[in-house]
Amino acid sequence: MKQSLLALFLTASVVCGAQNRQEQNLKTWQFSRDGKVWQQVSVPHDWAINGPFDRKWDIQHLAITQDGQNKAIDHTGRSGALPWLGEGRYRTVFTVPKGAKRAELYFDGAMSEPVVYVNGQEAGRWNYGYNAFRLDITQLLRRENNEITVRLHNVEESSRWYPGAGLYRPVRLIFTGDIRIDPWETFFRTLSADANNANVSVNTQIKGAKSTKNIKTTVTIKNADGRVVAQKTASPDAQGRASFNLDVAHPQLWSPESPTLYTLITTVKDGNKHLDRTSQRVGIRTIDVSRAHGFRLNGLSRKFQGVCLHHDLGPLGAAVNKSAIIRQIRLMKDMGVDAIRTSHNMPSQMQMEVCDSMGMMVMAESFDAWAEPKVKNDYNRFYTQWWRKDLTNLIKGHRNHPSIVMWSIGNEIPEQWKTEGARRAKEMTEFCHSLDNTRPVTAGGDNPKACTDCGFYAATDVPGFNYRGFLYDELINRQPQGFILGTETTSTVSSRGVYKFPVETKKMATYPDGQCSSYDVECCGWSNLPDDDMRMQDDRTWTIGQFVWTGIDYLGEPTPYYSYWPSRSSYFGAVDLAGLPKDRYYLYRAQWNKREHTLHLLPHWTWPGREGKNTPVYCYTDYPQAELFVNGRSQGRIAKCDTARLDRYRLRWNNVVYEPGELKVVAYDADGRKAAEKIIRTAGQPAALRLETDCKQLSPNGEDLAYITVTMVDEDGNECPDADDLISFEVSGAGSFRAVCNGDATSLESFTTPQMRLFHGKLVLTVQSSEHEGSITVKAKDARHHLTGILQLINIKQVPIRIKARK
Ligand code: GAL
């Protein structure tokens, strides 16, 4: 056994080495559910995502009183209907590099209740599966054959969504000398900044020095070209602390539109001897909230065009992957989103790094419950003993990310009604301020009246309203802050490619097929339509933005199908679980994406059997007017107007009679000039599989992903919107099959078996790069229609293009 564990060490990569500091990313582990049968896995790893889906996993027999239920029912699929419950164990081995004096284990999160052993002795434990934690394991090290074991335990009724299972975020080993920098005590802040100058402060702390007499700490700030733009050296005090104030001339300020990053390098020397060096990416930017200006970034007021995102990555489960996160953020940016709320828990470092570098503001949230439960085994079991420790790790671990502009201490906390809740909110807000005095603190409340009455909102910096737009006007004057943030809005439900007739606005509508209509007119009992929240943002100067529930579908919480089997994932996303935009995506894009025009038509135009029937047509566009044609016959030219709830942001032709052929929309700009047109046609018989990707070139790192959309088309290339053929895949060469997803919330097909049915004509295949360069061939086969689609990818190291500076 020891031998095979030793072999694992060879694949642990050393990710950085400087002076005495060395980091190993522990990727290869052995994993077991029962302690008897072990298999080799790669971390990040989610042990439950392979399935099988089953209604028996974590059936929650209860009444969700928040959703208005007054008697207990069986909630199936609420936490994803995947086998995440129970125990899991991981083990690996490592060797201590020569000269290392101290070792620390860093977990970016482990689901859940991890207990960590080093060489058979307990090194430490953490309860909350979403938080990062560090363990000093120096005293437990051996010279050779060191072994780490992690035991995890997931209990039933501990989550309202799919939490994932296992070591789903990276685990690192950090070796240093005795005297070392503590990166969590290095705090970079922008004190003031304009186009001419930025004044920043850096606080640092070194640990392990018996005397700091001869020690010097230097901080250096480099710009994106690697040029030093500020540097200072100081002697730390007796506790190892040093503070610096630096000026950066002509700073490039960080924003979603221009996410420039700097590098902060901290070094420690004893005389001429280098002791330690750390490097962190930082951004220069200011934030503030006030009655006079609302939320400001770099002195400019803006309203959050935000979305809430759960942490799972669809068919990859909870296992973090940089390419998957980049794809999510790219999709959201194209929709016009400039902020995400990490609902309802601590984000991964990887996600925040991507948000820093791609330009996405973040509200980093922490808890879905405090001392009072929402489900019996949630965070309430730990709150009293752990909230300070959990907030400390969240804030110290993440406070240098320029993308994070706000902390959230909770979501719809049951105590929001009570004075005791307000007291807790005050205590927690003050605690956050003590760790970071630069960011406002919020909490989302779904009972804004109670939150206002008992002082819950007043205890935070930003009153967070979840839904209840109809109360904004009544309650604004009672908010001491003078503004309102829609911490959570909308909760409209839809299934990509599904349209229900007649088209009617409905609450909690359910259908025999377990789907929701994509006309975007259906929402929950407590929620509303996108149009309602857009209006509250556009017409009130004192709203500071919204976070739509949700940007992307997630595993679990299949509202409104609480007990309907087999629903097992959400319908709330503007994008489906596979990452394919639903119609609603374009409704937001038309309002939020100011760089590009949007002209989107719905529904599709292939309706055998609907001939002669009323089939409303909607157009989501930023243009103010458009004319619709069916087979060349005008259905009228209409303009957006505010006379009806749904006519301000959509163009609707409610009386179109379906006939096969061509549906065309011609858009006109504000001056009445023809600006753009779009045509969709009735599809014929399936004739080909179209394979498309926006990433043909992968990196040979064994982790990079290409997302390939597979679409059934007819012989003219028209999409066949109802195709549900079973497609199988073969991936060969320098890559492998990783996952497949079709966005159907009722599908029980495994994400990790290389075959799946098309859902409304489409699915998305995920291919992973190997560690070897070469080409990758992807084949998709459809036995029913004898079709094969082929796509070639290349897995090759990307040589950075260097532009020589002119002399
Ligand atoms: C909210 C809650 C979210 C989600 C959503 C569904 O009340 O904060 O986590 O459950 O409802 O509409």
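Residues numbered from 1 in each chain as written. Predicted model: local features only at pLDDT ≥ 70, side-chain atom pairs only at ≥ 80, totals over all residues. Heavy atoms only, no water.

> Which residues make up the overall build of the protein chain, and what values go with them?
From N to C terminus, the protein chain includes nine helices and 50 strands. Here the protein chain holds 807 residues, and 62% of them are scored as buried. Taking contacts inside the protein chain between residues at least 6 apart in sequence as the whole, the part at least 24 apart equals 69%. Here the protein chain has roughly 31300 Å² of accessible surface; of this, 48% comes from carbon and sulfur atoms. (Helix = DSSP H or I, 4+ residues; strand = E, 2+ residues; numbered from the N terminus. Buried < 20%, exposed > 50% of the residue type's maximum accessible area, 1.4 Å probe, protein only. Contact = heavy atoms within 4.5 Å. Areas by Shrake-Rupley, 256 points an atom, 1.4 Å probe, with all protein chains shown as cover.)

> Before we move on, can you summarise the site of the ligand with the specific residues and values?
By nearness alone, every residue bordering the ligand is listed as R160, H344, N411, E412, N466, Y467, E488, S491, W526, W549, E557 and F572. Residue R160 places a side-chain N or O atom 2.8 Å away from an oxygen atom belonging to the ligand. Contact between the ligand and E557: an oxygen atom at 2.5 Å from a side-chain N or O atom of the residue. Relative to its unbound accessible surface of 310 Å², the ligand loses 96% to contact with the protein. Partitioned by chemical class, the residues of the shell around the ligand number four nonpolar, four polar and four charged. (Near = heavy atom within 4 Å. Polar contact = N/O pair within 3.5 Å; in protein donor to acceptor, adjacent residues only side chain to side chain. Nonpolar A, V, L, I, M, F, W, Y, C, P; charged D, E, K, R; others polar.)

> Kindly report on the sheet that holds strand β40 (residues 662–668), identifying the contributing residues and their values.
Strand pairing in a sheet relies on backbone hydrogen bonds, with the paired strands running either antiparallel or parallel. Here four strands make up an open sheet; going across it, the order is β38-β37-β40-β41 and the pairing antiparallel. Every other strand in the sheet has two partners, leaving β38 (633–639) and β41 (674–681) as the edge strands with one partner each. Taking the axes of each pair of neighbouring strands and ignoring which way they run, one obtains an average angle of 15° across the sheet. In terms of strand pairing, strand β37 (residues 625–630) meets β40 through six bridges, oriented antiparallel. Across the sheet, the residue bridging to A626 is A667, located in β40. (Pairing = 2+ DSSP bridges. Axes fitted to C-alpha atoms, helices over the stretch in contact; angles between N-to-C directions.)

> With reference to specific residues and values, describe the domain arrangement of the protein chain.
What the domain assignment reports for the protein chain is domain 1 (22–176), domain 2 (180–282), domain 3 (289–325 + 344–491 + 526–554) and domain 4 (688–795). Taking only C-alpha atoms into account, the centre of domain 1 sits 30 Å from that of domain 4. The interface of domain 1 with domain 4 comprises four residues on the first partner and eight residues on the second. Summed over both sides, the interface of domain 1 with domain 4 buries roughly 520 Å², with 57% coming from carbon and sulfur. For the pair domain 1 and domain 4, the interface holds one salt bridge. For E703, the salt bridge goes to K27, with nearest N and O atoms at 3.0 Å. Between domain 1 and domain 4 we count two residue pairs in polar contact (both at pLDDT 80 or more) in total. Its residues placed into classes, the side of domain 1 that touches domain 4 shows two nonpolar, one polar and one charged. (Domains from an automatic or database assignment. Buried area = accessible area lost by both parts, 1.4 Å probe. Salt bridge = Lys/Arg side-chain N within 4 Å of Asp/Glu carboxyl O.)

> Go over the packing of aromatic side chains with me, naming the residues and quoting the values.
Tallied over the full model, the rule gives 34 aromatic pairs. For the ring pair F501 and W607, a centre distance of 5.2 Å and an interplane angle of 85° mean the geometry is edge-to-face. Of this pair, F501 sits in the loop between β31 (484–490) and β32 (506–507) while W607 sits in the loop between β35 (599–602) and β36 (617–621), placing them 106 residues apart in sequence. A relative accessible area of 27% means that F501 is categorised as partly exposed. For W607, a relative accessible area of 12% puts it in the buried group. By the ring-pair criterion, three or more aromatic residues cluster together here, those being Y128, Y130, F367, Y379 and F382. When the ring centre of W57 is taken as reference, the NZ or CZ atom of K56 above it lies at 4.7 Å. (Phe/Tyr/Trp six-rings, centres within 6.5 Å; stacked < 30°, edge-to-face > 60°. Lys NZ or Arg CZ within 6 Å of the ring centre and 35° of its normal.)

> Hey, could you go over the UniProt feature "domain: DUF4982" (unreviewed entry) in the protein chain for me, with residue numbers and the actual values?
Here, UniProt's "domain: DUF4982" (unreviewed entry) annotation points to residues 612–675. A helix fraction of 0% and a strand fraction of 47% characterise residues 612–675, whose end C-alpha atoms lie 31 Å from each other. (UniProt positions renumbered as here; feature names shortened; annotations may be inferred.)

> I'd like a rundown of the nonpolar core, residues and numbers included.
Ranked by size, the top nonpolar core spans 206 residues in total, and within it W29, Y90, L105, F107, L167 and F304 carry the most contacts. Counting residues in each nonpolar core, the second largest holds 16 residues, with V202, A230, L264 and I284 among its members. (Core = buried A, V, L, I, M, F, W, Y, C linked by side-chain atoms within 4.5 Å.)

> Tell me about the UniProt feature "domain: Beta-mannosidase-like galactose-binding" (unreviewed entry) in the protein chain, and please be specific about residues and values.
The sites that UniProt annotates as "domain: Beta-mannosidase-like galactose-binding" (unreviewed entry) are residues 84–154. The span residues 84–154 carries 0% helix and 52% strand; its end-to-end C-alpha distance comes to 7 Å.

> So what's going on with the sheet that holds β36? Which residues, and what values?
A sheet is described by the order of its strands in space; here three strands give the open sequence β35-β36-β39, paired in antiparallel fashion. The open sheet has two free edges, formed respectively by β35 and β39 (651–653), since each of these has just one partner strand. Here the strands of the sheet are splayed against their neighbours by 15° on average, with no regard to which way each runs. Inspection of the sheet shows β35 paired to β36 by four bridges, in the antiparallel sense. Counterpart to L599 in the pairing with β36 is T621. On the sheet, helix α9 (residues 583–592) packs against β35 and β36 and is oriented at approximately 40° with respect to β36.

> Describe unusual backbone geometry, naming the residues involved and giving the relevant values.
Look at the link from F501 to P502: it is a cis peptide, with omega at -5°. Here P502 shows up in the loop between β31 and β32. Cis rather than trans, the peptide bond between L602 and P603 has omega equal to 5°. On the secondary structure map, P603 appears in the loop between β35 and β36. One non-glycine residue, E412, adopts positive backbone phi at about 40°. Structurally, E412 can be placed in the loop between β28 (404–411) and α5 (419–435). You will see that N631, though not glycine, has its phi angle at about 45°, which is positive. Counting through the fold element by element, N631 comes out in the loop between β37 and β38. Its relative accessible area of 32% is what places N631 among the partly exposed residues.

> Go over the environment of S495, please, and point to the residues and values.
As for its position among the elements, S495 is in the loop between β31 and β32. Considering only alpha carbons, one finds S495 and D58, 437 residues apart in sequence, at a separation of 24 Å. When sequence neighbours within four positions are dropped, the list of residues in contact with S495 reads Q515, C516, S518 and Y571.

> Give me the lowdown on the side chain of E185, citing residues and values where you can.
Along the chain, the position of E185 falls in the loop between β14 (180–181) and β15 (187–193). Residues in contact with E185, not counting those within four places in the same chain, are N203, T204, Q205, K207, R241, K396 and R399.

> Talk me through the packing of helix α8 (residues 530–539) against α9; I want residue IDs and the actual numbers.
Between two packed helices, both the angle of their axes relative to each other and the distance between the axes serve to describe the pair. Running from amino to carboxyl end, α8 crosses α9 at an angle of 15°, the nearest separation of the two axes being 11 Å. With respect to α9, the axis of α8 lies roughly parallel. For the element pair α8 and α9, the recorded crossing hand is right-handed. Of the residues in α9, those in contact with P530, D531 and M534 of α8 are R584, L587, Y588 and Q591. Among the residues making up the contact of α8 with α9, the classes are represented as four nonpolar, one polar and two charged. (Parallel < 35°, antiparallel > 145°, perpendicular 65-115°, else oblique. Left-handed = near helix turned anticlockwise from the far one by under 90°.)

> For the environment of L601, give the residues involved together with the corresponding values.
Looking at where L601 falls in the secondary structure, it is placed in strand β35. When the C-alpha atoms of L601 and A319 are compared, they prove to be 35 Å apart, with 282 residues separating the residues in sequence. Each residue touching L601, except ones within four places of it in the same chain, is listed here: D583, V617, Y618, C619, L628, L663, V665, K678 and I680.

> Outline the pairing of strand β27 (residues 361–365), listing residues and values.
For a regular strand, side chains alternate in direction, first toward one face of the sheet and then toward the other. In terms of burial, β27 is a largely internal element, five of the five residues being buried. Side-chain alternation along β27 places M361, M363 and E365 on one buried face and V362 and A364 on a second face that is also buried. One ladder, built from three bridges, connects strand β26 (residues 339–342) with β27; its direction is parallel. Residue I340 lies in a different strand from β27, and its bridge partner there is V362. Note that β27 and β28 share four bridges and pair parallel.

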